[in-house]
Amino acid sequence: DGGITQSPKYLFRKEGQNVTLSCEQNLNHDAMYWYRQDPGQGLRLIYYSQIVNDFQKGDIAEGYSVSREKKESFPLTVTSAQKNPTAFYLCASSMGYQPQHFGDGTRLSIL
Amino acid sequence: KNQVEQSPQSLIILEGKNCTLQCNYTVSPFSNLRWYKQDTGRGPVSLTIMTFSENTKSNGRYTATLDADTKQSSLHITASQLSDSASYICVVSPVDSARQLTFGSGTQLTVLP
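Let us look at the nonpolar core. In terms of nonpolar packing, the biggest core is built from 24 residues, with Tyr25, Leu33, Trp35, Leu75, Tyr88 and Val92 of chain B touching the most fellow members. Sequence-distant contacts of Leu33 of chain B, defined by excluding residues within four places in its chain, comprise Cys23, Tyr25, Thr48, Ile49, Met50, Leu66, Ser73, Cys90, Val91 and Val92 of chain B. Phe74, Leu76, Tyr89 and Cys91 of chain A belong to the second largest nonpolar core, which has 20 residues in total.

Quick look at the structure:
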């Protein structure tokens, strides 16, 4: 079955460390997205990419970086510059301009 | 500023009962509105999507309504089941752009046996 796979499901970050969250899709979708979800708040867009080798900043890109070297993959790196990284991170994909399918998320915590 | 407000924040009902969740938005101009269901620890799953010209859309026991004049939408769940326990998220788009989606903070529904 087609879908989006995020890994790992749980991730812990130490002080000063960069961590990378994986997102892979086999839906042949052009566009991919990264969102951050905090308790009691709506999803917020971190980065999105509509074609390979191109990506755009969302509303809260500071402290994060992405790459889009393959259509299927859109990894997110949470850098040490992100001072409050504890959150639930969701990856999504679509054929058009709006996310249609979401992965099951990665929960990132601070050690 | 574009905003999406959902009410109530949380709701507890007994299995078999009906319920209605509300979504008010200030997004303009309006392109479409989606309702998502998000189970705990999982990603959101799309239930319905409505454009400006649609005022009702059903998906099984879920029925969404839209009043574009008053900028209100509702999600009605009929004959609730335990598996309906989840967060229900309203998302509004002003134009066809990922950059401008506005997500509500969700209504947490708990269905008790």
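Okay, back to it.
Let us now look at the state of the cysteines. Residues and elements named next belong to chain B. The final tally for this structure, using the stated rule, is 2 disulfides over all chains. Residue pairing for Cys23: its cysteine sulfur links by disulfide to Cys90, the two sulfurs lying 2.0 Å apart. Because the torsion about its S-S bond is -65°, the bridge between Cys23 and Cys90 counts as left-handed. Pair noted here: Cys23 is in strand 3 (residues 19-25) and Cys90 is in strand 9 (residues 86-93), with a separation of 67 residues, a long-range link. In this structure, Cys23 and Cys90 share a single accessibility class: buried.

With that out of the way, let us pick up the sheet that holds strand 8 (residues 76-78) of chain A. Residues and elements named next belong to chain A. Reading across from one edge, 1-3-8-7 is the order of the 4 strands in this open sheet, with antiparallel pairing throughout. Sheet topology places strand 1 (4-7) and strand 7 (64-66) at the edges, where each strand pairs with a single neighbour. Within this sheet the neighbouring strands show an average axis-to-axis angle of 20°, counted without direction. Relative to strand 8, strand 7 runs antiparallel, the two sharing 3 bridges. Considered in strand 8, the bridge of Val66 is made with Leu76.

Rules of the game
- Residues numbered from 1 in each chain as written.
- Chains lettered and ligands numbered in written order.
- Predicted model: local features only at pLDDT ≥ 70, side-chain atom pairs only at ≥ 80, totals over all residues.
- Heavy atoms only, no water.
- Core = buried A, V, L, I, M, F, W, Y, C linked by side-chain atoms within 4.5 Å.
- Buried < 20%, exposed > 50% of the residue type's maximum accessible area, 1.4 Å probe, protein only.
- Contact = heavy atoms within 4.5 Å.
- Disulfide = S-S within 2.5 Å.
- Helix = DSSP H or I, 4+ residues; strand = E, 2+ residues; numbered from the N terminus.
- Pairing = 2+ DSSP bridges.
- Axes fitted to C-alpha atoms, helices over the stretch in contact; angles between N-to-C directions.

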